[in-house]
Amino acid sequence: MAIERTFSIIKPDATRRNLTGKINAKFEEAGLKIVAQRRIQMSEAQAKKFYEVHAARPFYGDLVKFMTSGPVVVQVLEGEGAVLKNRDIMGATNPANAAPGTIRKEFAESIEANSVHGSDSPENAAIEIAYFFAGTDIVG
């Protein structure tokens, strides 16, 4: 497998409960390196644009409201097969279906407040990374 980069967001439910360090430890313990990171307050415009792929879905408005409800940590993770590895570490979107030891099983409050977002493909990772970071922000 190749070294690749993926995008991650630690969501407002997790930052509110001060779980950033515990979540990042899971990434690092699995062999992913955090090569860019920033804590931000996402604006409504940013959230709408970032999640526009879901604009026609009934949960879109609630998702935008949730993602702007508090600070998030946006970051770039790097490592062998980073996209799939990150998805394994996160666990299923619905925490009730997530495997033991995954971020969502341990920390999620609900299917919406599920603590983390991660890219679903290398192509989307590149798009999502570029949305929040300039190339010079990423230091491997």
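Along each chain, residue indices are assigned from 1 in the same order as the chain's sequence is written. Local features in a predicted model are, by the rule used here, given only for residues with pLDDT of at least 70; side-chain atom pairs are given and counted only at 80 or more, and totals for whole chains, interfaces and linings are based on all residues. Derived side-chain values reflect all non-hydrogen atoms in the structure, with water molecules and hydrogen atoms excluded from consideration.

### Comments concerning the overall build of the protein chain
Going by this rule: Strands here mean DSSP runs of E at least two residues long; helices mean DSSP runs of H or I at least four residues long; both are numbered from the N terminus. For the radius of gyration, the atoms used are the C-alpha atoms, and the globule rule reads 2.2 Å times the number of residues raised to 0.38. Burial classification: accessible surface area is computed with a 1.4 Å probe over protein chains only, and a residue below 20% of its type maximum counts as buried, one above 50% as exposed, and the rest as partly exposed. Surface accessibility in these figures is a Shrake-Rupley result with a 1.4 Å probe; residues are shielded only by whichever protein chains are displayed.
Scanning the protein chain from terminus to terminus reveals 7 helices and 4 strands. The globule rule puts the C-alpha radius of gyration for 140 residues at 14 Å, and the 14 Å found for the protein chain is close to it. Once the C-alpha set of the protein chain is aligned to its principal axes, its extents read approximately 35 × 35 × 25 Å. Within the protein chain, the proportion of its 140 residues that are buried is 47%. For the protein chain, the exposed area adds up to about 7,100 Å²; of that, 53% sits on carbon and sulfur atoms.

### A look at helix H4 (residues 60-67)
Here is the rule: It is the directions from the helix axis to the C-beta atoms whose arc is reported. Residue contacts are defined here by distance: any two heavy atoms, one from each residue, within 4.5 Å place the two residues in contact.
Three or more residues of H4 are buried, namely Tyr60, Leu63, Val64, Phe66 and Met67. Burial along H4 is one-sided: seen end-on, the buried residues are contained in an arc of 165°. Where H4 is buried, its residues contact strand E1 (3-10), helix H1 (12-16), helix H3 (44-50) and strand E3 (72-80).

### A few points about the nonpolar core
Quick note on the threshold: Residues enter a nonpolar core if they are buried and are Ala, Val, Leu, Ile, Met, Phe, Trp, Tyr or Cys, with the set joined through side-chain atoms within 4.5 Å.
Within the largest apolar cluster, 22 residues are counted, with the highest numbers of intra-cluster contacts made by Phe7, Ile9, Met67, Val74, Phe132 and Phe133. Here this core gets 5 residues from one element, more than from any other, and that element is H4. Setting aside chain neighbours within four positions, we find Met67 in contact with Ile9, Lys11, Pro12, Met42, Tyr51 and Val72. Within the second largest apolar cluster, 14 residues are counted, among which are Val73, Leu77, Met90 and Ile103.

### A word on the packing of aromatic side chains
Threshold: For this analysis, a ring pair means two rings from Phe, Tyr or Trp (six-membered ring only for Trp) whose centres lie within 6.5 Å, classed as stacked if their planes differ by under 30 degrees, edge-to-face if by over 60, and tilted for the remaining angles.
Considering all chains together, one arrives at 6 aromatic pairs under this definition. Ring geometry for Phe7 versus Phe50: centroids 5.7 Å apart, planes at 55°, classification tilted. Here Phe7, found in strand E1, pairs with Phe50, found in helix H3; they are 43 residues apart in sequence, far enough to count as distant. The exposure class of Phe7 is buried, given its relative accessible area of 0%. For Phe50, a relative accessible area of 11% translates into the label buried. Note on Phe50 and Phe132: the rings are 5.4 Å apart at their centroids and 55° apart in plane angle, and the pair reads as tilted. A residue pair is termed long-range when its members are at least 10 positions apart, and Phe50 in helix H3 and Phe132 in helix H7 (residues 122-132) qualify at 82 residues.

### Comments concerning the pattern of salt bridges
The cut-off we apply is this: Criterion for a salt bridge: a side-chain nitrogen of Lys or Arg within 4 Å of a carboxyl oxygen of Asp or Glu.
Applying the stated criterion across every chain, the model contains 8 salt bridges. Residues Glu109 and Arg16 are paired through a salt bridge, measuring 2.9 Å at the closest nitrogen-oxygen approach. A residue pair is termed long-range when its members are at least 10 positions apart, and Glu109 in the loop between helix H6 (103-107) and strand E4 (116-118) and Arg16 in helix H1 qualify at 93 residues. In this structure Glu109 comes out as partly exposed when scored by relative accessible area, which is 43%. Here Arg16 falls in the exposed class, since its relative accessible area comes to 56%. The partner of Asp137 in a salt bridge is Arg38, and the shortest N-O contact between them spans 3.9 Å.

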